[in-house]
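A closer look at the structure
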There are 2 protein chains.
Amino acid sequence: MPEQSAITQTSSLARDLKDIGKLVARMRTGERLATSRVVTELERLSDVAPQLLAALEPYLGHALVVGFTGPPGVGKSTLVNAVIAEARRNGTSVGVIAVDPSSPISGGAILGDRLRMTAMLNDDGVFMRSLASRGHVGGLSPAAVRVIDALDAAGKDLVLVETVGAGQAEVDVAEVTDVRVVVSAPGLGDDIQAMKSGLLEIADILVVNKADRADADVTMQQLAGAVAVRAHEGSGVPVLKTIATTGEGVGELLQTIQNAGSKALAEDVQRRRRRRARYLIAHAATKLLEERLGSASPALDELCDEVLRAGVSPGEAARRLLQG
Amino acid sequence: MPEQSAITQTSSLARDLKDIGKLVARMRTGERLATSRVVTELERLSDVAPQLLAALEPYLGHALVVGFTGPPGVGKSTLVNAVIAEARRNGTSVGVIAVDPSSPISGGAILGDRLRMTAMLNDDGVFMRSLASRGHVGGLSPAAVRVIDALDAAGKDLVLVETVGAGQAEVDVAEVTDVRVVVSAPGLGDDIQAMKSGLLEIADILVVNKADRADADVTMQQLAGAVAVRAHEGSGVPVLKTIATTGEGVGELLQTIQNAGSKALAEDVQRRRRRRARYLIAHAATKLLEERLGSASPALDELCDEVLRAGVSPGEAARRLLQG
């Protein structure tokens, strides 16, 4: 039971579960254990999750939600830590969601390498939680969306969603954020090649971390080239250099994130949240569609043959397929 | 009536329309006017199209269907002409479908610059037809799929599908081919940048045409880099140089195409055709889904809010959305 420690840790709150309003109020005053309990209930989609979400609703829309994605080895965790430190210097409160779809362990797994940051663990302006895939009803992204709401309602100014890998699950999680930072680094062998094309496509900001390395400029050029492909399609994506270990470039990164996020924050909160939900639904619908199109079925074969015979149009066949 | 000329041209066949079998038999003997009539009926999805398709069915599966796509200015038409000439030297018969989604004119539009090729126009081993978007019930790809069937049944060994632009419509058409050749050239400014990423993703073979130009090697390197991204994902895409105007490299290109196509040709014809139909249906379904997700509707907003309240899972919401 990987989540047991979290439950034990907050078991003194169990009697308050009936009083959702009280729990939320305590979270709103900055009480860390209350926040932890709310996050756990939402993460696990417990029975009280719907009531909790309803109670959080009046407090939503304050936080800027920022995704950090990139291949392993680029120093993403160190960079996120540096961004947290920079944000705290400005008095900005931060929630961090660390997502590891490959890990079966939740509630502290990837935070291991964060234990160095004891200063932050004693700082009530920072709240961190790891999410892992096991135990998440309906996928990691819906759980992340609920925990984003929890940290938003808890009053965090920034919610950083850090993903460990660079696979589709991580891209999916990043899609539900307001600003997507894709992190690379020199010396990964073929840097750009290691970045799955799906990652480059979702980036609002590209970062070359470990920029003190000799081959940083090559990586910058490669990324600038890749971004130029997109610039051609009408989007301008900034490419920044950072050295997370010294903090160099991190101030500029935070500023660029906040500039990129100002548009999202100006938007109506319900529209913003609906956009996240729409992404979750779209993703689930695409998966359903792929299942129906990918599985060998006599009904689908017959539908294909009808299209080939010009008996039905592809559009009509699609309508029938969607109806299931 | 852009298609009138084609009708006039074949009006002497009108009395045979009731005898579909006779028309198909004449096409099978290589009679150009019969082929032209069959293609026109299928292209326009006329009343007799379903009967025609049924009559063609026994003769399907012989042709290798090859898509040629790439940005304007790379010399695609010249390259396709060179491939035709090379194929004819080997005794290979060729059907050509030229696709121009931006053109409202059908039945000869893009073939203008082919008029030079009078030798080919007198060669019964070559049949060409332009498709344009207007008048195509249900999109250009379904029309292209039907015309592919016509030229396949007419006994062509190779069916080349050449698209004029490099937009989504062209990518869609290319998707229904067995082998996809994506053509680039040096001196387009930013070559790779001009290639929409969607194009690189569908390529089975990449060609740098106009390879006698000074900067051809730069383009080769850029493409090799782009292909390496995919190689990283497990696919090996050959990158070839051609000079279409002199024929250099065209023999190797044709050989590479035929190698790439051998797997497709070994496959059961009905499976191959169903895959094309499945693509048409998948494309139509994705469009339907995008319409339902993209349009502002109170029902969709309510579905999103339910997901955000954890009232329904994204998967259940998706099922409801698909049911429409």
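Coordinates for the structure precede this section.
Described below are features of the structure shown in this document. (Residues numbered from 1 in each chain as written. Chains lettered and ligands numbered in written order. Predicted model: local features only at pLDDT ≥ 70, side-chain atom pairs only at ≥ 80, totals over all residues. Heavy atoms only, no water.)

1. A few points about the overall build of chain A
On a plain count of helices and strands, chain A comes out with 15 helices and seven strands. Residue burial in chain A is summarised as follows: out of 324 residues, 54% are buried. Accessible surface, chain A: about 13,100 Å² in total, of which carbon and sulfur atoms supply 51%. (Helix = DSSP H or I, 4+ residues; strand = E, 2+ residues; numbered from the N terminus. Buried < 20%, exposed > 50% of the residue type's maximum accessible area, 1.4 Å probe, protein only. Areas by Shrake-Rupley, 256 points an atom, 1.4 Å probe, with all protein chains shown as cover.)

2. Let's talk about empty space enclosed by the protein
Going through the model one piece at a time under the given rule, you end up with two cavities of 30 Å³ or more. Quantified by volume, the largest cavity comes out at close to 60 Å³. Lining the largest cavity are Met27, Gly30, Glu31, Arg32, Thr35, Asp124, Val126, Phe127, Ala154 and Lys156 of chain A. Elements with a contribution of two residues or more to the lining of the largest cavity: α3 (32–43) and β3 (126–132) of chain A. Along the lines of polarity and charge, the residues of the lining of the largest cavity split into four nonpolar, two polar and four charged. There is about 30 Å³ of room inside the second largest cavity. Lining the second largest cavity are Asp305, Leu308 and Arg309 of chain A together with Glu57, Gln270 and Arg273 of chain B. Contributing elements (two or more residues each) for the lining of the second largest cavity: α14 (298–308) of chain A together with α13 (269–294) of chain B. For the lining of the second largest cavity, the residue count by class is one nonpolar, one polar and four charged. (1 Å grid on protein atoms, 1.4 Å probe; cavity = no way out; pocket = protein on both sides within 12 Å on 5 of 7 lines; lining within 4 Å. Points joined across faces, edges and corners; volume = space filled by probe spheres on them. Nonpolar A, V, L, I, M, F, W, Y, C, P; charged D, E, K, R; others polar.)

3. A closer look at unusual backbone geometry
Residue and element names in this part refer to chain A. The residue Leu45 is not glycine, and still its phi comes out positive at about 50°. Overall, the relative accessible area of 27% leaves Leu45 in the partly exposed class. Of note in the backbone geometry, Lys210 takes a positive phi value of approximately 55° without being a glycine. Within the element layout of this structure, Lys210 appears in the loop between β6 (205–208) and α11 (216–231). The exposure class of Lys210 is partly exposed, given its relative accessible area of 24%.

4. A few points about the pairing of strand β2 (residues 94–100) of chain A
When a strand is regular, its side chains alternate between the sheet's two faces. All names here are of chain A. In terms of burial, β2 is a largely internal element, seven of the seven residues being buried. Of the two faces of β2, the one carrying Val94, Val96, Ala98 and Asp100 and the one carrying Gly95, Ile97 and Val99 are both buried. In this structure, β2 lies alongside β3, joined through seven bridges in parallel fashion. Opposite Ile97, over in β3, you have Arg129 as the bridge partner. Across six bridges, the pairing between β2 and strand β4 (residues 158–163) is parallel. Following the sheet pairing, Ala98 is matched in β4 by Glu162. (Pairing = 2+ DSSP bridges.)

5. Re the interface of chain A and chain B
Interfaces are often sized by the amount of accessible area the parts lose when they come together. Opposite the 50 residues of chain A that make contact, chain B presents 50 residues. Between chain A and chain B lies a buried interface of about 4,400 Å² when both sides are counted; carbon and sulfur atoms form 72% of it. Summed over the shared surface of chain A and chain B, the number is four salt bridges. Across the pair Arg274 of chain B and Asp301 of chain A runs a salt bridge, and its minimum N-O distance is 3.3 Å. At the surface where chain A touches chain B, the tally comes to six residue pairs in polar contact (both at pLDDT 80 or more). Counting only elements with at least two residues in the side of chain A that touches chain B, the list comes to α4 (49–56), α7 (140–153), α9 (191–194), α10 (197–202), α11, α13 (269–294), α14 and α15 (314–323) of chain A. The element best represented in the side of chain A that touches chain B is α13 of chain A, accounting for 15 residues. Grouping the amino acids of the side of chain A that touches chain B by side-chain chemistry returns 29 nonpolar, eight polar and 13 charged. (Contact = heavy atoms within 4.5 Å. Buried area = accessible area lost by both parts, 1.4 Å probe. Salt bridge = Lys/Arg side-chain N within 4 Å of Asp/Glu carboxyl O. Polar contact = N/O pair within 3.5 Å; in protein donor to acceptor, adjacent residues only side chain to side chain.)

6. Regarding the sheet that holds strand β6 (residues 205–208) of chain B
Residue and element names in this part refer to chain B. On the basis of which strands lie adjacent, the open sheet formed by seven strands has the order β3-β2-β4-β1-β5-β6-β7 and parallel pairing. Strand pairing shows two members of the sheet lacking a second neighbour, β3 (126–132) and β7 (239–241), which therefore form its edges. For this sheet, the mean inter-axis angle between neighbouring strands, taken without regard to orientation, is 20°. Sheet topology places strand β1 (residues 64–69) next to strand β5 (residues 179–184); four bridges connect them, and they run parallel. Across the sheet, residue Thr69 finds its bridge partner in β5, namely Val182. Running over the sheet, helix α7 (residues 140–153) touches β1, β2 (94–100), β3 and β4 (158–163) and is turned about 170° from β2. Sheet contacts for helix α12 (residues 250–266): β1, β4, β5, β6 and β7; angle to β1, the most-contacted strand, approximately 130°. (Axes fitted to C-alpha atoms, helices over the stretch in contact; angles between N-to-C directions.)

7. Quick word on the environment of Val145 of chain B
Tracing the sequence through the fold places Val145 of chain B in helix α7. With 112 residues separating them in the primary sequence, Val145 of chain B and Ile257 of chain B have C-alpha atoms 20 Å apart. Every residue in contact with Val145 of chain B, bar those within four places of it in the chain, is listed here: Leu308 of chain A together with Val176 and Leu280 of chain B.

8. A word on the sheet that holds β4 of chain A
Residues and elements named next belong to chain A. An order of β3-β2-β4-β1-β5-β6-β7 is seen for the seven strands of this open sheet, with the pairing classed as parallel. Every interior strand has two partners, whereas the edge strands, β3 and β7 (239–241), have only one. Each strand axis lies, on average, 20° off the axis of its neighbour in the sheet, ignoring direction. Both strand β5 (residues 179–184) and β6 contribute to a ladder of four bridges, which runs parallel. Note on β6: the bridge partner recorded for Val181 is Ile205.

9. Concerning the relation of the copies chain A and chain B
Related by rotation about an axis and a shift along that axis, the two copies of the chain form a pair. For the pair chain A and chain B, the superposition axis carries a translation of 0.0 Å, the fit reaches an RMSD of 0.0 Å, and the rotation angle comes to 180°. Taken together, the rotation and translation describe the operation of a two-fold axis. (Least-squares fit on C-alpha atoms with pLDDT ≥ 70 in both.)

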